[in-house]
Amino acid sequence: MKCTFKNKRISSIITVVPSQEYRFDDEYHYFKMNEAQAKRFKKTMSLDRHRIAPPEVCASDLCLFGVQRLLDAGVLKKEDIDAILFISQTPDYILPATSNVIHGKLGLDHDVICLDMNQGCAGYLTGLQQACLLLEIPSVSKVLLLTGDTSSKLVDKRNRISYPITGDAGAATVIERCPEERTIYMDVKNDGSRYKALLIPGGGFRMPSSAKTLELREVEEGVIKCLEHADMDGAAIFNFTMDDVPPQIQDVISFSGDTWDSIEHFFLHQPNPFIVTQMAQKMKIPAAKVPNNVVSLYGNCSSTTIPMNIALNCSGPMLTGTHRVCLSGFGVGLTWISAVLDMGPLEFCKLVDYETT
Amino acid sequence: MDKPEFYQRLAEILDIEEVKPENVLKDFDVWDSLAILSVLAMADAKYSVSIKAEEIRSVVTAEDLARLVEAKRN
Amino acid sequence: MNFTFRGKRISGVLVVVPANERSFVEEMRNFNFPEGRSLKLKEVMGYDKRRIVEPGVCVSDLAVFGLQQLFEQNLLKREEIDALLLVTQTADHFMPATSSLIQGRLGLKQDMLCLDINQACAGFVIGLMQAFMLLEQESVRKVVLINADVLSRKASPKDRNIYPMIGDGASITIVERDTVDSVIHASVKMDGSRASALTIPAGGLRLPSSPETARLEDVGDNNLRAKDHVFMDGSAIFNFVQTEVPPLIKDLLVEAGVPVAAVDFFLCHQPNRFMLEKLADKMKVPHARMPNNVVEHFGNSGSVTIPTVMAYNLRERLLREQLQVCLAGFGGGLAWSAMLLKLGKLAFNNITEYE
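What counts and what doesn't
- Every chain is numbered independently, its residues counted from 1 as its sequence is written.
- All chains are assigned letters beginning at A, and all ligands numbers beginning at 1, according to the order in which they are written.
- In keeping with the model being predicted, local features are shown solely for residues with a pLDDT of at least 70 and side-chain atom pairs are shown and tallied solely at 80 or more, while totals for entire chains, interfaces and linings include all residues.
- In this text, helices come from DSSP runs of H or I with a minimum length of four residues, and strands from runs of E with a minimum of two, each type numbered from the N-terminal end.
- Based on C-alpha atoms, the radius of gyration is set beside the globule rule, defined as 2.2 Å times the residue count to the power 0.38.
- Exposure criterion: with C-beta atoms placed from backbone coordinates, a residue whose C-beta has 20 or more other C-beta atoms within 10 Å is buried, one with 12 or fewer is exposed, and one in between is partly exposed.
- What counts as a contact here is a pair of residues whose C-beta atoms, placed from the backbone, lie within 7 Å.
- As a working rule, the residues Ala, Val, Leu, Ile, Met, Phe, Trp, Tyr, Cys and Pro are called nonpolar, Asp, Glu, Lys and Arg charged, and the rest polar, with Gly in that last group.
- Note on pairing: two strands pair once DSSP finds at least 2 bridges between them.
- Lines are fitted to the C-alpha atoms to define the axes, a helix being fitted only along its stretch in contact, and any angle between axes, read from their N-to-C directions, falls within 0 to 180 degrees.

Describing the overall build of chain A
Looking only at helices and strands, one finds 12 helices and 17 strands in chain A. Relative to its length of 357 residues, chain A is compact, with a C-alpha radius of gyration of 19 Å against a globular reference of 21 Å. Each principal axis of the C-alpha atoms in chain A carries an extent, and together these give about 60 × 45 × 35 Å. Scored against the burial criterion, the 357 residues of chain A give a buried share of 58%.

A short note on the interface of chain C and chain A
Between chain C and chain A, the contact holds 55 residues from the first and 58 residues from the second. Among the secondary structure elements, those contributing two or more residues to the side of chain C that touches chain A are β1 (2-6), α4 (98-106), β6 (113-118), α5 (123-134), β9 (183-190) and β10 (198-199) of chain C. A total of six residues in the side of chain C that touches chain A trace back to one element, the largest contributor, which is β6(C). Its residues assigned to classes, the side of chain C that touches chain A shows 26 nonpolar, 20 polar and nine charged.

Thoughts on the environment of Val263(C)
Residues and elements named next belong to chain C. With respect to the element layout, Val263 can be found in the loop between α6 (234-256) and β14 (265-268). Taking the C-alpha atoms as reference points, Val263 and Lys342, separated by 79 residues in sequence, lie 9.6 Å from one another. Apart from residues lying up to four places away in sequence, Val263 is in contact with Val258, Gln324, Val325 and Cys326.

Quick word on the pairing of strand β16 (residues 335-343) of chain C
Every regular strand shows the same layout, with side chains that alternate between the two sheet faces. Residues and elements named next belong to chain C. With eight of nine residues buried, β16 lies mostly within the body of the structure. Here β9 runs beside β16; their pairing, made up of six bridges, is antiparallel. Residue pairing across strands places Lys189 opposite Trp336, the latter belonging to β16. Of the strand pairs in this sheet, strand β15 (residues 323-331) and β16 are connected by nine bridges, and their pairing is antiparallel. By the bridge assignment for β16, Gln324 is matched with Lys342. Hairpin remark: β15 followed by β16, antiparallel, with three residues in the connecting loop; positive phi at Gly333, about 140 degrees.

Thoughts on the sheet that holds β14(C)
Residue and element names in this part refer to chain C. Overall, mixed pairing links the five strands, which are arranged β1-β9-β16-β15-β14 in an open sheet. At either end of the open sheet lies a strand with only one pairing partner, and these are β1 and β14. Going across the sheet, the axis of each strand differs from the next one's by a mean of 20 degrees, ignoring polarity. Bridge count between β1 and β9: five bridges; the pairing is antiparallel.

Here it is, written out as structure tokens:
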């Protein structure tokens with residue numbers, strides 16, 4: 001489904017990671033892996049380290065910290081915030097919405113619309129779309145898009161498939177109106193019939209939390225999990241990323257009147273470096289245009305991988321010039337959303353460590 | 001399809017000396033979810049075929065796998 | 001914050017209520033209160049019957065049931081659905097979004113939007129606003145707005161503040177473009193500093209569920225509740241509604257240039273009869289123009305109560321004529337919202353039972 005938005009721009013990005021860093025070399029002994037297996041795994045998946053939040057830190061804390069830094073830097077004023085979007089699959093509460101809680105913590109006035117939206121890997125694009133929809137309303141000039149997840153709380157340390165690639169992070173992005181047209185071209189697709197490929201069975205209302213859903217079991221060699229942890233069908237996800245996402249990216253590039261060459265950067269969601277490399281090769285995009293180091297350094301942080309990718313790899317150029325980029329988020333749902341737009345110059349573009357005061 | 005080349009490629013991605021057609025894939029120490037992903041990637045990159053998750057789960061020997069890839073090519 | 005929309009309309013409403021009915025008089029024996037006092041509460045609040053789901057029933061079940069009925073009755077075609085919005089606070093899973101599950105179960109097309117929005121009692125007005133915003137996109141011609149909750153499953157049977165009041169249900173509202181360029185006015189306000197007035201303390205990531213959080217505690221007012229249960233600060237909510245909602249509606253009507261007398265009906269969220277009578281009095285609106293009987297028949301089903309008022313109190317009228325209505329949704333968040341629009345004639349305006 002195609003969407004276009006005019007006269008909107010991303011003006012600031014901050015991504016926040018826990019300061020606690022853990023290296024694969026120090027952790028693989030949890031995973032029932034011998035050294036040879038660990039070496040092979042580390043090499044194929046290009047793993048190195050990831051950031052894991054301490055137990056008391058939630059995604060909203062990471063996002064709020066980012067917002068504070070933007071306020072401190074003077075690129076955002078509290079009274080200018082017209083909407084708060086919180087996109088996550090690890091909210092503070094079942095109810096109320098976490099965006100409402102954040103609104104309270106920031107002490108904003110009542111004329112702010114707060115929305116929580118449940119989305120994972122495609123979440124940055126969902127948020128961008130939602131911000132643009134809101135910015136069509138005359139009373140909305142500036143939207144604060146918050147993406148964040150503490151996926152580490154949904155996986156056991158001994159789960160050798162999932163834990164090494166998991167990372168926690170939050171991001172705050174400011175999206176606002178601008179006089180230049182800067183059309184954003186977007187395509188959205190959904191296929192809920194394949195929902196089992198990425199699913200948390202328990203903890204919601206289908207299978208409420210109980211002693212049974214919290215019971216940890218070894219479901220296969222080296223994979224210890226409970227029903228409140230994420231189930232992932234790696235092969236089905238791989239098929240999906242190779243079969244469904246490239247045609248959408250091709251489609252949206254044609255839609256925007258671009259070519260593969262006219263796009264300077266492809267900021268793809270980062271499930272793991274292996275998949276991103278395969279996708280880039282399939283689409284015949286030179287590796288230099290497809291930064292692929294987020295998981296190796298910070299882990300797969302769900303909807304925040306895209307802003308992190310930008311802040312980690314492209315902040316210099318983003319602060320100084322305008323660049324034709326393609327953003328693509330794909331995964332849980334299954335949902336896949338790709339967009340082509342001009343990005344930059346941004347007023348702020350950084351990756352920072354979370355600090356408790 | 002050049003079968004010896006296929007078995008050679010399979011051995012490479014599994015990081016083992018040799019793969020024979022009659023080898024049962026599940027018997028390899030290294031036959032885990034990572035191995036499966038590597039096979040899917042190899043099939044796509046080298047043979048331009050897309051193997052589905054269910055298909056790979058139903059394959060038993062290396063020869064079954066070779067036949068699957070060959071059938072999809074034609 | 002004010003919003004204006006043009007050229008959009010609600011074309012049909014279907015409310016799905018569980019067939020399972022409970023009665024206050026039967027259930028009051030569970031509370032630690034003398035019967036006489038409970039009966040007094042019943043009379044004042046307007047509690048009587050409510051509909052709640054059987055164990056294990058989720059919002060996707062109610063939504064799929066309702067949509068299938070619309071498909072079978074030829075009131076909606078699968079391929080026409082360009083966006084599925086689900087406003088809920090009681091999702092099937094943390095991952096994936098429940099709107100994706102509904103899309104999958106019904107075999108809807110891939111070229112569409114699926115969105116889960118977490119909002120409470122203000123969720124019908126907010127959902128409508130979302131639908132109107134989406135309809136500005138050329139590729140979006142028909143939006144299915146689903147409001148649904150199964151909150152009874154998180155209410156403590158020993159908590160008299162909340163248990164007798166909660167109802168479950170789902171509403172399906174079809175929203176599309178209008179040939180007439182009529183104007184819709186809306187207003188939304190939020191105050192997260194009072195978010196804790198309506199919350200479930202455990203179950204999210206701030207305080208994950210555990211055997212500890214399932215333990216019933218005497219919370220001091222003769223009610224027993226666990227951290228896994230929904231908590232509502234009744235007097236804080238009451239004060240909030242009395243203070244914030246009348247000025248919101250008044251300002252909206254002034255903005256739209258429409259006097260109170262010109263509004264045919266005020267279709268408000270239905271927390272209980274007591275609050276609505278007081279609200280009507282404060283706004284000097286005759287009780288007949290602000291229906292308040294949904295709770296006594298169905299219970300308070302959050303953002304579903306407004307469409308329930310439409311289908312229960314105005315069924316025939318909305319099928320036959322066009323009315324000037326003011327919607328008002330208020331509660332958890334805290335959030336309060338109002339919308340002034342012309343409603344009707346609807347293609348359908350029904351209540352159906354889910355077994």
